[in-house]
Every structure is written in C-alpha cells, then in structure tokens.
Amino acid sequence: MTAAAAPGRNKAIGERIPRADSKRLMRGRGRYIGDIVLPRMLHLAFVRSPYAHADILSLDLAAARACPNVEAVFEGKELAAICTPLIGVASNRLGHKSAPQYPLAIDRAFWQGQAVVAVVAASRAEAEDAAQQVVVEWGELPAVTDGERALTDPAIHASLGDNLALGHVITSGDPDKGFAEAAIVIERSFSFERQTGLTLEPRGLIADWDSGKEALTVYHSHQSPFQMQDVFSRHFGIPEHRVRVVTPDVGGGFGMKLNVYAEDLAVVATSRLLARPVKFCADRLESFVSDSHARDHRIKARIGVAQDGRITAMEIDDISAVGAYGMPLRFNVAEGMMAITSCGAPYEVPNYRGRTRSVYVNKNLIGMYRGVGIPLGVAVTELLTDLAAKRLDMDPVAFKRLNYRRLASMPCVTHGGVRLDGCSFDACLDKLLDAMDYDSLRKEQAELRKRGILRGIGIATFVEPSAYGPPYYGPTEARISVQDGCTIRLEPSGVFRCLTSITDQGQGTLTGLAQIIAETLGVPMDHVEMVSGDSAASPYGGGAWASRGMAIGGEAALKTAMTMKENILVLAASITQTVPGELDIVDGNVVSRRTGDPVISLAEVGKIGYFRQDTLPKDLAVELAVTRSHVANHQAYYTGNGVQGVYLEVDPETGFVKLLGLWAIDDCGRVINPLIVDEQVRGGIVQGIGGALYEECIYDEAGNLTNGTLADYLVPMAAEMPDIHVGHVETPESTTQLGAKGIGEAGTIGAIGAVWVGVNDAVAPLGAKLCHQPFTPERVLDAIRTARADAKP
Amino acid sequence: MKPSLFRYAKPASLDETFDLLAHHGRGATVLAGGQSLLAGLGMRLASPDVLVDINGLKALGGISLQGEEVVIGALTRHAEVLASPIVARHLPLVAEAITHVGHIGIRNRGTFGGSLAYADPAAELPACAVAQGATLVLGGRAGRRRVAAEAFFTGMMETALQTGELILEIRLPVQRPTQKHVFAELSRRHGDFALAGVAGLVSLEGHRIAEARLVYFGCVTHAEIARGMSAALVGQALPLPSADALVEVLRRDLSPGDVPGMRAETKLQLAAVITRRKLNSLQETATP
Amino acid sequence: MTDDEPGYEIEISLVVNGASVKRRVSARQHLADFLREDLSLTGTHLGCEHGVCGACTVRVDGRVVRGCLMLAAQADGSTVETIEGLSDSGVLAELQEAFLERNAAQCGFCTAGMLLTASEFLAGGQRASRQEIRDVLSGNMCRCTGYQAIVDAVEAVMNRRLDR
C-alpha cells in the first residue's frame, strides 16, 4: 500500500490534526436545518395519534383552517394522491412482508405518535395553535405492544395475516449434537429495552418545490442526501435530475437520521401542493414518538462448553419488535438479523443455531441506530462465555484465549455467516489486559469482596463489520449506493477544491479525507477544501452510515488524489520541458525528485493549465478536475474488531452501578487521525453505557410512551461518565490501498457487552442474575432479592 | 413546543401585582424564575390567560440575618443562596441542598419562593423549608399572613397559597449549635430530581439521637415531617444496624407512588437506605 | 384593549452582543427563539425546549441561563450575550482553542452551551477536580463526544489560568 509522499513532508495520514470544520461550529456559525430560512417559507406541525392503535373515524379540519395565518391543513388521503406509499421490504428475504406506509395515516393509526394531519402556517407556534383545533374522532383499538405476544396476537395489518415481518434461521454444524456433547450448558433469557437514537438536534427538513422550474430542493438534516434524492424522486414522480437534497450541518446522526420517514414525505407533499418552501423541525416531545427507535428484543440463548473450556455449541433465539412497519430501505429486520449473525463471531463455534423473528407491534418504527443488532449479539455471547468460564472455574480471559479465532485462520466465514479478515482478537486482548492492569483489578476485586464491596470486571470482544458493500444491500433491491466518489479540482491559483459524496455529522470524516488528499498530493492541509452534503454537487454516493467514511470515501479520495497528482505532473513536465517521472509535489510546489528543488509552483501550473493553453503542445490534454470512486464490489463489508474492559461497582443496597474505569482497544485498520478516532470511540462507548444503564422507552399497557421527555428518558450526562482509555492495534484492510476500516460504531458495540458482563460479575457472589437492560437500580435490587429468596433453604 | 398565546404583564409594585392577580383570578399565573413554568407552558400542560412577571419586584429579593432567623426574599435566585455566607453559616442544610438543585443555568434564574410555590414533591427546597421549621410570609390584596412551612404543603403540588397571593419571604430559624443537618439524595444523574431524598435536623447525645425532624422528597406526594420516622429515631443509638427496619416505619409515613421505571416499594427501600447511611455518617463526627 | 391591560405583544429594549435592540415581540416567544428568529443569531440552539439539554444557553446580565426558559419579554432592559458575540469579542478564544486541540466539538450542537457554562465556571477562579468539572457540565447534554474531551479542554484552560 503506497500513497506516494515524500517521507516526512506533508505527512497528514495518521496525524492528530484538529478538525478545521469545528472552528466555525464553535463560534456559533454552524448552519443547521433550523437555521435556514427561505423566502415565503411556511412552517409545519403535525397532529399525531394519541393512541397506539385507533381508527380515525372522522376528521374536522374547519376550525384549524380558520386559525390565524394558517395556509393549509392536510389529511392523509390528500397527500397520498400525489405520493406513492413506502414499503419496507427486502426483496431477497423470502417472506419479508410489510404493510404500505403513507405520508400521513389514513383511516387508522398504528402507533402513538404517528402523524395524522399536517398543519402549515406562517410560524411554528401558529401551526401548533391550529393543530390543537383539529378535531379527530378516534375509535381506540386493542394495541399489540409486546414482541413475544405479537406472534399470536391478531395482525395489526389485516392484509399481512399475522405480525411476523420476517423469520430467519441460521444453522451451522449440528447444534443438537453439540449441546449433547457439552459438559456444561448455560442458558439465559435476555431483554433489551427499546431505545431512541436521540440526536441533540432533532430531525428536520425544508421541502422547496419550485413550480416554475418544476424541481424539488430539500434541505434535510440527514446522513445520505443521495438516498433521499432517490426516495423523493420515485415517490413523487419527479425526474431524479430535478431533485436536489442538501444536507447542512447536522447535529448528530448515529443512524437515526439515516432512515426514511413517511412524515418527511408528508412535508414534501405539502410543499408540492402549496408550491412554497415548507419547514418541519421536530420538537423534542415529538422526537420521542417519531424518531426511529432501536433495540426492543427478547432473546433466549445458550452455550455448550466441553470440560476443557472449548465451546461446543451456541444457540440464540431472538424476537425483535420492529414497530408498526418495515423501515423503508433500511429494513428494521437488520436488528434481529445482525444479532444472530454476530453472535459468537470472535470464537470458534463448531455448532450453531440462530433464529430471529421480527414482529410488528403498535409502536414507532425501529430503524438504524449505532451498532444495530451487533451489540446484542456481543452482550449475549460475552455474558454466556463469562458464565461458562466461571462454571468451569476458568478465568474468563483464559476462556477467550482458548476459543478465539486465530488471525492465521483468516479470511474465514463464521458459523453466523460473517466473513472475517484481519481480526486481531489476541493482540487487542493483550493490549487491553495491560492497559487496565487486569491482574491488579482482580486482586482488588477479591479483597473488597471480603468487605462486602461488589466490584465487577467485564471484558467484551467484538467484531465490527463496517463499510457494507454491494453484496449486502444489492440483493435487497434497496436503491442504496455503497459506492462513494471524490472529485478533486485544481483551482487556478493552485489550491484544491474537493467534492465528496461522504457526509460528516461531526465525526470528522471530511478532515480525514482532507488529510488523505493533502498527503497524497503533497500539499499543506489548508490547501485542501472539502465540499460535501449536496446530492447535485458531488459524485453519487452513500453518505455516512455503517462506519464507511474513511474505508470507502477515503479510498475514493486516495485514488482521486493519486490521479490528480499524475495529471499535474504531466502538465508540469510539459511546461518545464521534463518528464513526469523526474518531478514530485512537496509543500504545494512541484519539485525535482532528484534534488528536491522547486521547479514550478502549483499556482503557475494552474494559471497555465487554465488560461495559457496557447503555450502548451497541441495534443496535450490534461484534466485538472478528476473524479474517482471506490466500491468493494464483492465484499460484503470490512471487519474491524476490538475489545473493551470495564471496572465497576454495584451498590447492593441501592442498586446503583458506578463506573470506575473503562478501557477500549480497537483495530479499525489504518488510523487516519487518532484525535478523531479516539473521540468516536469514546462517544460510542457513552452511547453504549446509555443503553446498558440508562436508556429505555417505557410504555404503559395501552402502548403509550410514559417517559417521553429529556427529564424522564435518561441520556448519560457528564457527571456519571468515566474517563475512557483508548488504544489501538492496526491490522490494515488488505483489499484497499488505504487500509482503513470503520470505527464509528465500535464504541457502542463493545460497551454494552462489557457492562453486561461487569454487572453480572459484580453480583455473582450474591448469586444474582442481571439479564434485563438497562440495569436500573430497581432491576439490580430485584435480582439481588430474587437471589436471596432462591438461596433460602 | 411553543406555548399557546397568553398576555403578559410586568407589575412594578406589590400593589400593582395584587391588583392584577385579583383582576384576572384563575386566569393569571405568576412568573418568577420560570424554570418549571416555562417548560410546562411549552408542553401546553397549562394555558394561562395572563402571565404576571414579578421579577421586577425588587422588594422580594435579598438574604439577611434578622435575630435568630435567616430571611430569604421569595425572588432570591438559587445562585445567590449558593453564594451566600449567611446561608453557609446559619443554614448548612439549605447550603448543602442547593448544590443539588438543577444546574448553573437553572440556579441563575430559579427562585427560592418559586420552588416552594411550585411544590414539586421531588424538589429539595420545600423539604428543607419544612425540616428547618421555616415560616412563609404570604401577601395578597387582603394583607399579609404567616404560614408555617409544615402547614404550607398540602398535597401533590398543592399549597396553602390562595388565588391572588404571593410568597413574599421565607423566614428560617438558624441552625442551633446542638443541631446537625441531614441531607441525602439519590438520583440517577447529578442535578436530576430525586428518586428518594431526605432533609432534616437532628441532635445527638453521645451516640444517641436526642431529636429528629426529617422530611423526605422524591418519594412523597408533598413535603411534610415524617412523624413516624422522626419519633422512632429518638433514643436510637448510632450506628443504625439495618435499613430493613426503617422501611416499615417509612411505609407508614410516606406514600410514594409507582413511577415509570420504579415501584413505590423500591422508593421506600432507597429512602430507608439513605436515612441509615446519612445518620450513621453523623456518628463519625459526633463527640463521644 | 386599553394600555393598562396586559397585551399579547410587548415592546422590549435590550443590548445584544453590544448592540442596542428594540423590537416588538410576542409574549409567548422565548429568548432563544427571539435571538434565533428575530435577530438571526442562530448559534444558540434548541435541543429540547424544556430546560434539560442546555443547548440554548446564553448569557443574560453576565450569568448563563437557558434561553428556552426565559421569555424574550423578560430580557427587556437586559444585556444578552450569545455564542456569536462572545466568540467575536475573544472572550471564549482560549476555551475554543482548547476545544479545537482536544476535538471537544463534533457535531457542534451542544458546543455553545458547553463553552458558555465552562466560561462562567472558570470565571469563578476555583481549582476543581475532574469530577467537579464534570458536575459543572452536567447540565449540558452531548451525544457525540462522551464528554471526556470537553472535560480535558476545560481542565487544561483552568490549569493554565491558575498556574499563570
């Protein structure tokens, strides 16, 4: 792998370079969707269903329409007339079914919070005033709210017959035999409560249908402008080249802002009908009931282990409650699928059965959210292996060593069907044990146990597949591009403007791309300007998701920069009467490769290349704007891996869990910028801690969300979070020149499992079992009480 | 989350305020710190006709020591209480409690009187006022009257304030040299409302509790003296051996409801645990 | 409605980032919306509008407040400073430099609130532990960074100032 740069000069890849982007954001000069104002813009507020399941018997919009400064009030049928419904079904998944979803609910609402009426007014406040005047006659229906019961409850969509969205089974080897042969079998039930992605900036968009140009522009707080360009074009029948989606600064995405929202189509529809820009910014209360959710699984799993500690079999049975509809394009069946494909991935598991059933319930839709189902597979695996080790009186670390897949065995395909390549489980574990001083922590734990202080140590190993390629999405027929592109244009004055299809919601991908480009070209960082977030102004691509920015976008940028450099050297050689092979670019100047002396500046090259072609040979044709792309054609993903360790204390009287330390060693291949990568890991870990200890959507029996405010839904704040140590192993991706894999989700994927193991380790002396996330004080106290009761003779 | 339309008035004097409140009756809502009110208005939990902004009433500010009482004006911001040497010296219970009230931005606006008038059962200051034996001075068109804090909180977010009345000031007896303050709070995150909290004053004779006056928050419907617990503690020797016995006493005093994510029973357990731990920690500083 | 009757709108005069401002506002408009919509100072953000996340933090009469929990009407006669003004004047420069070095701002949505809160804390001149710094910041929600880089940046500036 080579990026031709003079050693030591213009070195940027691998350097801790601060994000130039953040200067503007820190000065209050960000431009988020809520900040954008267009002439004649209107504001939209939705009337949402207060019931989880109810017939819309009648709608009276007259009073709302008469409210001050109301432009229009729309109901479902009106918008459905100009917009085809969304159907979130993956073509390649046999039996996958979903009801069609219209921009606004028609005749029936299927979750508390589903948008039913759209009010468009001169201001948001006036739209809300009018929304309160909409009169809806509801016919409440029984709500299906539990994933397990949904399997036998009446179908919430009669046309589907039942509530099964998709069932899938993976079998590898002979699991029944494997369990029969096991010396011990550990079995547990696991619950992962529903969460919401919760970006600090709520969702929003401005739809601007220009009836003069017959073109649609949508400003969208979203991770993939191209995806939404396609969705809006297809569903509204607007030719794609007249649909433009611009993603401004986005205040956090995490996958939540990757999904396709029917109510976003409603906003576009109102703009179409009114021929004026219409802005919708979700407020926090409606975010809770309309942003896509995550998790919500019930899992039964078991592991069989031989006397010597080798795993003989694993089995996982997952029920994933995906909400009222399939998620269009992003397929919420992925939560369950990834839980069962990822289970046990780091280990040799000779016999395996994984079953998942995604079921419909009268709740908000599950969508993409950091890690998807992988954190669940990891938590299940790591807890079961930890318990098995304990049962055999084996240190969990020794158990891991014994069962880890070896680097030398890769590439390989796991029992779950995951293709691993370049996973450094042992090396990461070595580094982790050293960083956390594992042996000392175990000693301390043992000492303190004698005094009744319950410390827990949890280690979780995981695989992070990132940068999903065509084999993953292609067969689903989802129009999702997993190819990303880069255009580099030499400006006449010798600097570079670079368009990328990658987007950046704060994770720093644009800086990473600039580093790759600057170093490859041989120019200082500030000679490179990145442009992104406009579906009309870059090569077509994917955007930001599945931790793909550096792996895919970086490879594209690398290729583009290499070609651009070649082109510049061809032109420079022609101008200076030499050959390209004798030239290089260093510090923004074309130099002699032999002596290092500057030969001609890039500014001069640009001037001649653009304005003085009369001085160039007639047949010389040099492109000073270059576009290249990258796609991993036949590779489903790149596999990064990592391991995390947590040290925590459980207070047996209050049930509170205190995190004392957290260590993460990650192998994401080549690290482009440690300053950026480390903070991605930390941020991901804290979201994982959120899931493990704090975050859950609490519903009542009728399917109403009871804790839908930031005071009641607990997002981690600074005071309770630990300092997190981050370290790296670098096993470069072997199929690309750049060698980078993905990192965005690793923190979350590992942290959840580490905490699961850690809390169970802490309460193990009491015989308590914690299998219901988040581990709230009450759940911890209940588990301890149950153990005490069970222990009584 | 924009509030529904309301009218706004900012009176310059108490008389003007009382006139406005009397004129608009139930349609008027008083705006002091606004840290609770404005959040609720944004959620359209209430739609007042008129908001009466009393932040211009300078007479309602200030902290002073008057004899054996610390007098805190109703409009005193939490930040002022936090920074007050008078409170630090004479009301260590309040001084400790105030560090748990919200965060910097909230404390810069929220007011002592506002907290008491709002009477959130999970808030610290109503419990402190009752524990300290405070007297509230209320005022209205009809004149002033005094109500003991003990009698002020009557139900879930209900107080003795009548329509048209304001809290003018809160008079808190200084902590006596023989008294120790007790404050403990359990919340999932720093600054959150309490899951269970206790505020109180006790005095010790050696290792024994001679007097106890405990008030709970976060696990109650309103701030009131926990009579059963306070009486049961008198004569008890520290350290208290177990929290389990305390649960039964608290069960008679407190009636926490179930909240999403926590049953009433768990709240009782937490209340008992913090009571025992806090009282036992006093013993470490007690003179033999 | 007579002049004596409370109105739905009110005239306010205030100073924002050093400039005198006179506007007629709706009584129900909160200060954050006034700054964002009437004055186009969009650096102050709305994350929840119920006073929990701190993204709307601004300085009023020298103290940080949640802009969503104050009515624009209440800012009559006050001095308001936003992230834009405090950046342009250089007041936040040292903190911003530290944030930049530590990558303490990712999506940037919480950053104004973090900077203003940290700035008020640092103005107090105390030396605080890392946990105490975390407590100070505990009213500002960040979903991207996990907080550590922010704590590092604030601690670095605190130490630099105290050791000067």
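The rules behind these values
Residues numbered from 1 in each chain as written. Chains lettered and ligands numbered in written order. Predicted model: local features only at pLDDT ≥ 70, side-chain atom pairs only at ≥ 80, totals over all residues. pLDDT = per-residue confidence, 0-100. Contact = placed C-beta atoms within 7 Å. Helix = DSSP H or I, 4+ residues; strand = E, 2+ residues; numbered from the N terminus. Nonpolar A, V, L, I, M, F, W, Y, C, P; charged D, E, K, R; others polar. Expected span 1.5 Å × (residues − 1). Buried ≥ 20, exposed ≤ 12 C-beta atoms within 10 Å, placed from the backbone. Arc of directions from axis to C-beta. Domains from an automatic or database assignment. Core = buried A, V, L, I, M, F, W, Y, C linked by C-beta atoms within 7 Å. Axes fitted to C-alpha atoms, helices over the stretch in contact; angles between N-to-C directions. Parallel < 35°, antiparallel > 145°, perpendicular 65-115°, else oblique. Left-handed = near helix turned anticlockwise from the far one by under 90°. Pairing = 2+ DSSP bridges.

Student: Would you mind going over the confidence of the model for chain C with me for this structure?
Tutor: As a note on interpretation, predicted positions should not be read in detail where pLDDT is low. In this model, chain C carries an average pLDDT of 96, and 98% of its residues clear a pLDDT of 70 or more. Reported for the predicted complex are a pTM of 0.97 and an ipTM of 0.98.

Student: Quick question: what am I supposed to make of the interface of chain B and chain A here?
Tutor: Taken residue by residue, the interface counts 18 residues in chain B and 21 residues in chain A. Considering every element that reaches the side of chain B that touches chain A, the biggest residue donor is helix α12 (residues 264-283) of chain B, with 4 residues. Residues of the side of chain B that touches chain A, tallied by class, amount to 9 nonpolar, 5 polar and 4 charged.

Student: I tried to follow helix α13 (residues 425-436) of chain A on my own but got confused; where do I start?
Tutor: Along an α-helix, residues three or four positions apart point the same way, because every turn accommodates 3.6 residues. Residues and elements named next belong to chain A. The terminal C-alpha atoms of α13 lie 16 Å apart, and with 12 residues this matches the ideal 16 Å at 1.5 Å per residue to within 8%. Of the residues making up α13, those classed as buried are F425, C428, L429, L432 and M436. Viewed along the axis of α13, the buried residues span an arc of 100°, placing them on a single side of the element. For α13, the elements touching its buried residues are α12 (396-403), α14 (438-450), β18 (454-466), β26 (638-650) and β27 (657-667). D437 lies just past α13 and shows a positive phi near 55°.

Student: Even after reading the chapter, I still don't get the confidence of the model for chain A, so can you show me in this structure?
Tutor: Averaged over chain A, the pLDDT score is 96; the fraction of residues at 70 or greater is 99%. A low-confidence stretch, residues 1-6 of chain A (pLDDT under 50), is modelled with 15 contacts involving residues beyond four sequence positions or located in other chains.

Student: Would you mind showing me how to read the domain arrangement of chain C here?
Tutor: How big an interface is tends to be reported as the loss of accessible area on association of its parts. Residue and element names in this part refer to chain C. Considered domain by domain, chain C is made up of domain 1 (9-82) and domain 2 (92-162). The C-alpha-based centres of domain 1 and domain 2 are spaced at 23 Å. In this complex, domain 1 contributes 12 residues to the contact, which on the side of domain 2 involves 10 residues. Counting only elements with at least two residues in the side of domain 1 that touches domain 2, the list comes to β3 (57-60) and β4 (63-66).

Student: Is there a simple way to think about the domain arrangement of chain A in this case?
Tutor: All names here are of chain A. Under the domain assignment used here, chain A contains domain 1 (21-30 + 483-630) and domain 2 (421-477 + 635-793). Placing the centre of domain 1 and that of domain 2 at their C-alpha centroids yields a distance of 39 Å. Every contact between the two is made by 15 residues of domain 1 and, on the other side, 19 residues of domain 2. Looking at the side of domain 1 that touches domain 2, the elements with two or more residues in it are α16 (509-521) and α17 (549-576). Here the element with the most residues in the side of domain 1 that touches domain 2 is α17; it accounts for 6 residues. Among the residues forming the side of domain 1 that touches domain 2, the class breakdown is 6 nonpolar, 7 polar and 2 charged.

Student: What is the right way to read the nonpolar core from this model?
Tutor: Nonpolar side chains in soluble globular proteins generally cluster together in the buried interior. Among the nonpolar cores identified, the biggest contains 412 residues, and V117(A), V119(A), I517(A), A199(B), Y216(B) and A271(B) are the most heavily contacted of them. Looking at this core element by element, the count peaks at 12 residues for α17(A). Among residues more than four places away in sequence, those in contact with V119(A) are L44(A), A45(A), V47(A), A64(A), V70(A), V73(A), A127(A), A130(A) and A131(A).

Student: Quick question: what am I supposed to make of the interface of chain C and chain A here?
Tutor: Listed as interface residues are 43 residues of chain C and, on the opposing side, 44 residues of chain A. Those elements giving two or more residues to the side of chain C that touches chain A turn out to be α2 (83-88), α3 (93-102), α4 (111-123), α5 (130-136) and α6 (148-162) of chain C. Of all the elements, α3(C) adds the most residues to the side of chain C that touches chain A, at 4 residues. For the side of chain C that touches chain A, the residue count by class is 20 nonpolar, 16 polar and 7 charged.

Student: What is the right way to look at the packing of α4(C) against α6(C) in this model?
Tutor: Residues and elements named next belong to chain C. Contact pair α4 / α6: the axes reach a minimum separation of 11 Å and the direction vectors enclose 30°. Taken together, the axes of α4 and α6 lie roughly parallel to each other. Pair α4 / α6 crosses with right-handed handedness. In this structure, α4 contributes M114, A118 and L122 to the contact, and α6 contributes I150, V154, V157, M158 and R161. When its residues are assigned to classes, the contact of α4 with α6 shows 7 nonpolar, no polar and 1 charged.

Student: Before we go on, may I ask you to explain the sheet that holds strand β2 (residues 54-60) of chain A in this structure?
Tutor: Each strand in a sheet pairs with its neighbour through backbone hydrogen bonds, running either in the same direction (parallel) or in the opposite one (antiparallel). Residue and element names in this part refer to chain A. One open sheet accounts for 3 strands, arranged β4-β2-β6; its pairing is antiparallel. Lying at the two open borders of the sheet, with one neighbouring strand each, are β4 (108-109) and β6 (135-140). Summarising the sheet, β2 and β6 pair through 6 bridges and their orientation is antiparallel. Following the sheet pairing, D60 is matched in β6 by V135.

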